[in-house]
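Listed here are the chains, written in short residue letters.
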Amino acid sequence: MLKPVTTDIEALKILDDRLRWLSAWTIHHANHIRESADGLKVGGHQASCASMSAIMAALYFHALGPNDRVAVKPHAGPLLHAIHYLLGSQSREALENFRGFGGAQSYPSRTKDRIPVDFSTGSVGLGVAITLFASLVQDYLSAHGWMDDVDRGRFVALIGDAELDEGNIYEAIIEGAKHDVRNLWWIVDYNRQSLDATSADRMFERFDEIFRSCGWRVAEVRYGKRLRAALDANPKLKSWFERLPNAELSALHYQGGAAWRARIEEEVGKAAGTFLKDYNDAALASLFTDLGGHCMETLVEAFDAAQDDVPTFFIVWTIKGFGLPFAGHKDNHAGLMNPTQLAALRQTMGVREGEEWEPLEGVGDNARTGVEALVERTRISRKKRTRAFGSVTVRALPAPAGEEQSTQAAFGRILLDLSKTGGELADRIVTTSPDVTVSTNLGAWVNQRGLFRRTEVADVFAKAKIASAQKWGANNNGQHIELGIAESNLFLMLAAAGLSGDLFGQRLFPIGTLYDPFIARGLDSLNYACYQDARFLLVATPSGITLGPEGGAHQSINPPLIALGQPGLRHYEPAFADELAAMMEEAFRLIDDPNGESTYLRLSTRSIRQVERENDRWRDGAIAGGYWLHEPEPNAEAAIVAMGAVMPEALAAWEELRADVPGLGLLAVTSPDLLHRGWTTAQAGRWRGEHSPSHVEQLLSQLSPNAGLVTIADAAPASLSWLGGVLGQRVAPLGVEKFGQTGSLADLYAAYRLDGAAITEAVAELLLPA
Ligand SMILES: Cc1ncc(C[n+]2csc(CCOP(=O)(O)OP(=O)(O)O)c2C)c(N)n1
Ligand SMILES: [Mg+2]
């Protein structure tokens, strides 16, 4: 680990003040000074920033090295911008436009902010956990020889104490313990206040135990130097202080010196000795605010003492709104200072009116040189890191042979073939799965490429010569990261591995597999991964009621709708193995393309007869979202539109109906998501005077304008029913709207109207004269 640089405590204290001022001023400016075009409240969190300005000053201007990465508590975003403003990497203009269009974002954003943001935050808990997975990715890259030791860093999460109620944090530390995770600092801004109120008492002793039992070092940073000395000299007073409930402590911080005096007189009385005589009210208030998180010496010592790679959980006591008029008030979360209060703060901070944006305003000449030197010496990166794209050639993936195949089996075979053929893409793939590696068909790949562990783990069953299809030894060359059953962790792992090119300059091709219905379990983490533009391939399998005897609790209904509404994630749902191979190739290409995105494949265990292809024309259509499996005759009056595992029913119905319905077409939809996007993009283009029709418009305009479409998918019918809106054609949507149940395919398809009879009836109804 890097040795800490020489510290200038005085300069750090000044920087703490500057950060507290600039964050408060940035928020004030956006709310009270910048013109409001719409009258909407702008907002911002002055109290949440004031709470951790010292922690962030000590971190950024002292403890952090150039390779360290930080997830900043969302509501401390203005502090991060203020830090970069002092470093010269954030503009005054962006701060003046805080929470405005194109300005500094309310919560740190990797993609939207111009400063280097290592991890976006906003949905509390997720920014915390992603640091753990990023640390695992760093270990993975080192173990595979893609990272030099000098480039390694530490992963830091700055955490609001209420954030610790989010369960995903505990899922993550359990997973981290299994993988012997290291190089983590999680720093809790323990201000004992959440959004609504003061936090529950005593829970902190439990957090302490939880973290220790997962292998963490717990460092409590409770007292500043002055307060510790005063209380150590007065054990009775100390024991009284330590028993104060959170709400009382906050109230006293808000009320100030006279209130402290009255309470101590009343509750400690003579036992406090001469203590109260030594302090006037102001000094008393100041003494009791000297918690660890506001004492620079204490913070620097705490960070300097944790320079090894043991994951460390810092509980840093602070006061929410420290130094502001609403310090400690339970309602201060979104509290904003009024202009009078702000003017008072400006005076205490020594800021001249009109000079509010001056980075080192109020810093005297003597101190200025030291502060400037410290800012200059700061080791963190001022620039956004360049993202590594286009580094790996993605070659054509051949489709697995076989007259009958399921897309899930084909997925396993494509990966197995890739593994055997080898090459850079195969070497850069990292697979991961929350305890469904075998049942999602990754087993053969794992047999070839092995499990990843920093330290070798023998396959006990193989050593004992017990027959098993899974040969699961683990070592540091392995390419599969096995996770416990916690889907949120899967998405955070994919997010971290999917940012590998950005965070470490090394492209990985992460593939995660899970059961389709359990996407919902980790949905916010998935959204979080996409929001940061992490790149990965998500393979959800099996899906739909096509699961048959496996039953209702495992049958998915709405993931195609989720995908339809999820930016940054492209949904493909293949029916045939050759489509799947084309989609996987495309997904890999998209991972490594600056303008790409992540891909979600919805697969099935249903083995179906493959189609014979006369040429390759289907391929471009399949990648664009759909193609005619049976071309309609010009101006045909009807088409069957089908997606995925129910294609055999659609094909059979087409065969049966084509004699009666002249020119009947069969459209294979491979991505409702892409078709919809293309449609809305083309509409937006028309407003701009561009006139190229979208893929879906081209496909459907081969039919009569009055044609009827029977849409069918083993999913919510709304996944495809919108197609009628494209050209105003009529639609009879078939799909699943109720929870599934166990049964044979024939039973289930009949009960849920996914069979040939349902298609025939629907076509007949559409064609009947009105
Ligand atoms: C998942 C999620 N749920 C709810 C919120 C709304 N929210 C924002 S901050 C917050 C609690 C703030 O308390 P704490 O974490 O202690 O932060 P601090 O006191 O430092 O502001 C809540 C509930 C959110 N941002 N994310
Ligand atoms: Mg809090």
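Residues numbered from 1 in each chain as written. Chains lettered and ligands numbered in written order. Predicted model: local features only at pLDDT ≥ 70, side-chain atom pairs only at ≥ 80, totals over all residues. Heavy atoms only, no water.

Novice: Explanation requested: the packing of aromatic side chains in the structure shown.
Specialist: Given two aromatic rings, their pairing is described by the distance between the two centres and the angle made by the two planes. As enumerated under the stated definition, the model contains 25 aromatic pairs in all. Ring pairs connect the aromatic residues Tyr223, Trp240, Phe241, Trp260, Phe275, Tyr279 and Phe288, which therefore count as one cluster. The ring centre of Trp317 lies 3.8 Å from the NZ or CZ of Arg222, which sits over that ring. The aromatic ring of Trp618 is capped on one face by Arg613, whose charged end is 4.2 Å from the ring centroid. (Phe/Tyr/Trp six-rings, centres within 6.5 Å; stacked < 30°, edge-to-face > 60°. Lys NZ or Arg CZ within 6 Å of the ring centre and 35° of its normal.)

Novice: How should I be thinking about the pattern of salt bridges in this particular structure?
Specialist: Working definition: two side chains of opposite charge can pair if their charged atoms are close together. Across all of its chains, the model carries 48 salt bridges by this definition. Of the charged contacts in the structure, one is a salt bridge between Lys13 and Glu297, with a shortest N-O distance of 3.6 Å. Placement of the pair is Lys13 in helix H1 (residues 9-33) and Glu297 in helix H14 (residues 296-304), with a sequence separation of 284 residues. Classification of Lys13 by relative accessible area gives partly exposed; the value is 32%. Judged by its relative accessible area of 26%, Glu297 falls in the partly exposed class. (Salt bridge = Lys/Arg side-chain N within 4 Å of Asp/Glu carboxyl O. Helix = DSSP H or I, 4+ residues; strand = E, 2+ residues; numbered from the N terminus. Buried < 20%, exposed > 50% of the residue type's maximum accessible area, 1.4 Å probe, protein only.)

Novice: Which parts of the structure should I look at to understand the nonpolar core?
Specialist: Proteins that are soluble and globular tend to have nonpolar side chains buried together. Counting residues in each nonpolar core, the largest one holds 90 residues, and the members touching the most others are Trp186, Phe241, Phe275, Phe313 and Leu538. Among the elements that take part in this core, helix H6 (residues 126-143) stands out by supplying 11 residues, more than any other. In terms of nonpolar packing, the next biggest core, distinct from the first, is built from 67 residues, Ala58, Val70, Phe326 and Met337 among them. (Core = buried A, V, L, I, M, F, W, Y, C linked by side-chain atoms within 4.5 Å.)

Novice: I would appreciate a short explanation of the environment of Leu415 in the present structure.
Specialist: Position of Leu415 relative to the elements: it lies in helix H17 (residues 407-421). The exposure class of Leu415 is buried, given its relative accessible area of 0%. Residues Leu415 and Asn441, 26 residues apart in the sequence, show an inter-C-alpha distance of 9.6 Å. Other than its neighbours up to four places away in sequence, Leu415 contacts Ile429, Thr431, Leu442, Trp445, Ile511 and Met584. (Contact = heavy atoms within 4.5 Å.)

Novice: Any chance you could explain the site of ligand 1 here in plain terms?
Specialist: Close contacts around ligand 1 come from 18 residues, with Ser48, Lys73, Asp161, Gln193 and Lys320 the closest. At a separation of 2.7 Å, an oxygen atom of ligand 1 approaches a polar side-chain atom of Lys73. The separation between an oxygen atom of ligand 1 and a polar side-chain atom of Asp161 is 2.5 Å. Contact with the protein chains covers 75% of the free accessible surface of ligand 1, which is 590 Å². Of the residues that constitute the shell around ligand 1, the class distribution is three nonpolar, nine polar and six charged. (Near = heavy atom within 4 Å. Polar contact = N/O pair within 3.5 Å; in protein donor to acceptor, adjacent residues only side chain to side chain. Areas by Shrake-Rupley, 256 points an atom, 1.4 Å probe, with all protein chains shown as cover. Nonpolar A, V, L, I, M, F, W, Y, C, P; charged D, E, K, R; others polar.)

Novice: Can you walk me through the sheet that holds strand S1 (residues 69-71) in this structure?
Specialist: The strands making up a sheet associate through hydrogen bonds between their backbones, and the pairing can be parallel or antiparallel. Spatial ordering of the open sheet is given by S1-S2-S3-S5-S4, a layout of five strands whose pairing is parallel. Edge positions in the sheet fall to S1 and strand S4 (217-221), since each has one partner strand and no second. Within the sheet, the average angular offset between the axes of one strand and its neighbour, ignoring direction, is 15°. Looking at chain direction, S1 and strand S2 (residues 155-160) are connected through three bridges and run parallel. Bridged to Arg69 within S2 is Phe155. (Pairing = 2+ DSSP bridges. Axes fitted to C-alpha atoms, helices over the stretch in contact; angles between N-to-C directions.)

Novice: Which parts of the structure should I look at to understand helix H9 (residues 225-232)?
Specialist: Note that an α-helix has 3.6 residues per turn; residues three or four places apart therefore point the same way. Along H9, the positions that sit buried rather than exposed are Leu227, Ala230 and Leu231. The arc enclosing the buried residues of H9, seen along the axis, measures out at 90°, which places them on a common side. For H9, the elements touching its buried residues are helix H10 (235-242) and helix H13 (281-288). (Arc of directions from axis to C-beta.)

Novice: Would you explain the coordination of the magnesium ion (ligand 2) in this entry?
Specialist: Geometrically, a metal with four donors at the corners of a regular tetrahedron has ideal angles of 109.5 degrees, and one with six donors at the corners of a regular octahedron has ideal angles of 90 or 180 degrees. Ligation of the magnesium ion (ligand 2) by protein atoms is provided by Asp161 (OD), Asn191 (OD1) and Gln193 (O), these donors lying 2.0 to 2.1 Å from the ion. In primary sequence terms, the donor set of the magnesium ion (ligand 2) follows D-x29-N-x1-Q. Neither residue differs from the other here; Asn191 and Gln193 are each classed as buried. (Donors = N, O, S within 2.8 Å, 3.2 Å for Na, K, Ca; no water.)

Novice: It is not clear to me how a nonpolar patch on the surface should be interpreted in this structure. Could you clarify?
Specialist: Taken together, the side chains of Val460, Phe461 and Ile466 make up a nonpolar region of the molecular surface, amounting to roughly 310 Å² of accessible area. Summarising the element assignment, Val460 is placed in helix H20 (residues 460-463). Owing to a relative accessible area of 59%, Val460 belongs among the exposed residues under this scheme. (Patch = residues over 30% accessible without salt bridge, like charges linked within 9 Å, V, L, I, M, F, W, Y side chains within 5 Å.)

Novice: How should the pairing of S2 be read in this particular structure?
Specialist: On a regular strand, one side chain projects to one face of the sheet and the next to the other, so that they alternate. Most of S2 is tucked away: six of the six residues are buried. Both faces of S2 are covered, namely the face carrying Phe155, Ala157 and Ile159 and the face carrying Val156, Leu158 and Gly160. Regarding the hand of the β-α-β motif, the stretch spanning S2, helix H7 (residues 168-178) and strand S3 (residues 184-190) is right-handed. (Right-handed = clockwise from strand over helix to strand, strands pointing away.)

Novice: I keep staring at the sheet that holds strand S16 (residues 626-630) and nothing clicks. Help me out?
Specialist: If you walk across this open sheet you meet the five strands as S16-S18-S17-S19-S20, and the pairing is mixed. Strand pairing shows two members of the sheet lacking a second neighbour, S16 and strand S20 (730-734), which therefore form its edges. Neighbouring strand axes in the sheet, compared pairwise and without regard to direction, differ in orientation by 25° on average.

Novice: Is there a simple way to explain the packing of H9 against H13 in this structure?
Specialist: In a pair of packed helices, the angle between the axes and the distance between the axes together describe the arrangement. Across the interface, H9 lies against H13 with an axial gap of 8 Å and an inter-helix angle of 105°. It follows from the interaxial angle that H9 and H13 lie roughly perpendicular. Between H9 and H13, the residues in contact are Arg226, Leu227, Ala230 and Leu231 and Ser286, Leu287 and Phe288, respectively. In terms of residue class, the contact of H9 with H13 is built from five nonpolar, one polar and one charged. (Parallel < 35°, antiparallel > 145°, perpendicular 65-115°, else oblique.)

Novice: Help me out: how do you make sense of unusual backbone geometry in this one?
Specialist: Apart from glycine, the bulk of residues carry a negative phi angle, and the bulk of peptide bonds sit in the trans form. The residue after Thr541, namely Pro542, is reached through a cis peptide bond having omega 0°. Within the fold, Pro542 resides in the loop between strand S12 (537-540) and helix H24 (559-564). Here the phi dihedral of Arg99 falls at roughly 65°; this positive angle occurs in a residue that is not glycine. Among the structural elements, Arg99 can be located in the loop between helix H5 (92-96) and H6. Within the chain, Arg192 stands out as a residue other than glycine whose phi angle is a positive 60°. By the secondary structure assignment, Arg192 is in the loop between S3 and helix H8 (203-213).

Novice: Sorry, what's going on with the packing of helix H21 (residues 487-498) against helix H23 (residues 523-531) here?
Specialist: Viewed as axis vectors pointing N to C, H21 and H23 meet at an angle of 10°, and their least axial separation amounts to 8 Å. Between H21 and H23, the interaxial angle falls into the category roughly parallel. Judged by residue contacts, Ser488, Phe491, Leu492 and Ala495 of H21 engage Ser525, Leu526, Tyr528 and Ala529 from H23. A breakdown of the residues in the contact of H21 with H23 according to their chemical character gives six nonpolar, two polar and no charged.

All we've got here are geometric facts, nothing functional implied.
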